[in-house]
Amino acid sequence: MNRRPWVLGAVVALVFLFLYAPIAWLAIASFNSSRSLSRISGFSLQWYAELLDDTRVFASLQLTLQLALASAAISTVIGTLAAFGLRRAFPGRGLWTVLLSLPLVVPEVVMGVAMLGFFVRLAGIPLGFGALLFAHVAFSLSFVVVVVRSRVSGMDVRMEEAAADLGASPFVAFRTVTLPLVAPAVVAGAAFAFLLSFDDVVISSYLTGVGSTTLPVFVYAQASKRGISPEIVALSTLMVTATALLLIIGVLFASWRARKTGSAAKLAV
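Residues numbered from 1 in each chain as written. Predicted model: local features only at pLDDT ≥ 70, side-chain atom pairs only at ≥ 80, totals over all residues. Heavy atoms only, no water.

In the nomenclature of an unreviewed UniProt entry, the protein chain corresponds to Putrescine transport system permease protein from the organism Lentzea waywayandensis. According to UniProt, the comment filed for the protein chain under the heading Sequence similarities (unreviewed entry) is "Belongs to the binding-protein-dependent transport system permease family. CysTW subfamily." Word for word, the UniProt comment on the protein chain under Subcellular location (unreviewed entry) is "Cell membrane". (UniProt positions renumbered as here; feature names shortened; annotations may be inferred.)

Okay, here's the thing in structure tokens:
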């Protein structure tokens, strides 16, 4: 590799080509004037125009955003508290840690069947937004706990002890010292919960009721019935674009925060 550095660059280029070539072709095909996905015959915006006229898409998108935001908020609060609870040693902590990690490895099909049987058959929650919300919180919670706990476990407890020595109450110490230290992990956990809820297809397909079809389930259903239509391709392109913009904004915000923290540290020195 030292003698031929271009080899490593070529391997990296092939990996990125393998990952992003299908997405790039999807974006190009969304502007195709014909319905064919294998042959480009011209440039057109008609599929985006037809997509904007489809009220079912916007209804599914509105439901999906509401579900993802509610699921992320609930999962973040409960998962953050659970991560702080697991920081302290108590009997059975290892067992609780294993139980919280199980949803990370259980297949989604099994999770969907289990949640359908529990929430609908046993708990009596009807199919729809309520069942979807409980299910999304259930499988997003573990990701939030893992992300926040990785940050909490590396915290210096002397910071909190110093705040207590200076007269801060437990709530004030948590709000002014602990929470700012774990804020990046909490935001990352919330982002994970939001994206997991927004992108879920398998579990949501088991709990979707009349008038409560999420956008990924709607896209999958349309593709299964009529094949991959140009409208679905246009919608997928918009979803990829929105995700990329959110990722870029997150990276820029993290860079700005890092520069701000570094500048504050230099001023303190």
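Still more ground to cover, so stick around.
Take Thr 237: it is sitting in helix α11 (residues 230-268). Of the residues examined, Thr 237 reaches a relative accessible area of 9% and is grouped as buried. Sequence-distant contacts of Thr 237, that is, excluding residues within four places in its chain, are made with Leu 26, Ala 27, Ser 30 and Tyr 48. (Helix = DSSP H or I, 4+ residues; strand = E, 2+ residues; numbered from the N terminus. Buried < 20%, exposed > 50% of the residue type's maximum accessible area, 1.4 Å probe, protein only. Contact = heavy atoms within 4.5 Å.)

Another aspect to go through is the environment of Thr 237. Along the chain, Thr 237 and Phe 31 lie 206 residues apart, while their C-alpha atoms are 10.0 Å from each other. Of the polar contacts made by the side chain of Thr 237, one reaches the backbone oxygen of Val 233; its length is 2.9 Å. (Polar contact = N/O pair within 3.5 Å; in protein donor to acceptor, adjacent residues only side chain to side chain.)

Before going further, it helps to spend a moment on the packing of aromatic side chains. All told, the structure shown has four aromatic pairs when counted by the stated rule. Arranged with centres 5.5 Å apart and planes meeting at 10°, the rings of Phe 31 and Phe 43 form a pair that is stacked. Pair noted here: Phe 31 is in the loop between α1 (5-29) and α2 (46-52) and Phe 43 is in the loop between α1 and α2, with a separation of 12 residues, a long-range link. Exposure remark for Phe 31: the relative accessible area of 28% places this residue in the partly exposed category. Judged by relative accessible area, which is 65%, Phe 43 ranks as exposed. An angle of 15° between the planes, with centres 6.0 Å apart, marks the rings of Phe 194 and Phe 198 as stacked. (Phe/Tyr/Trp six-rings, centres within 6.5 Å; stacked < 30°, edge-to-face > 60°.)

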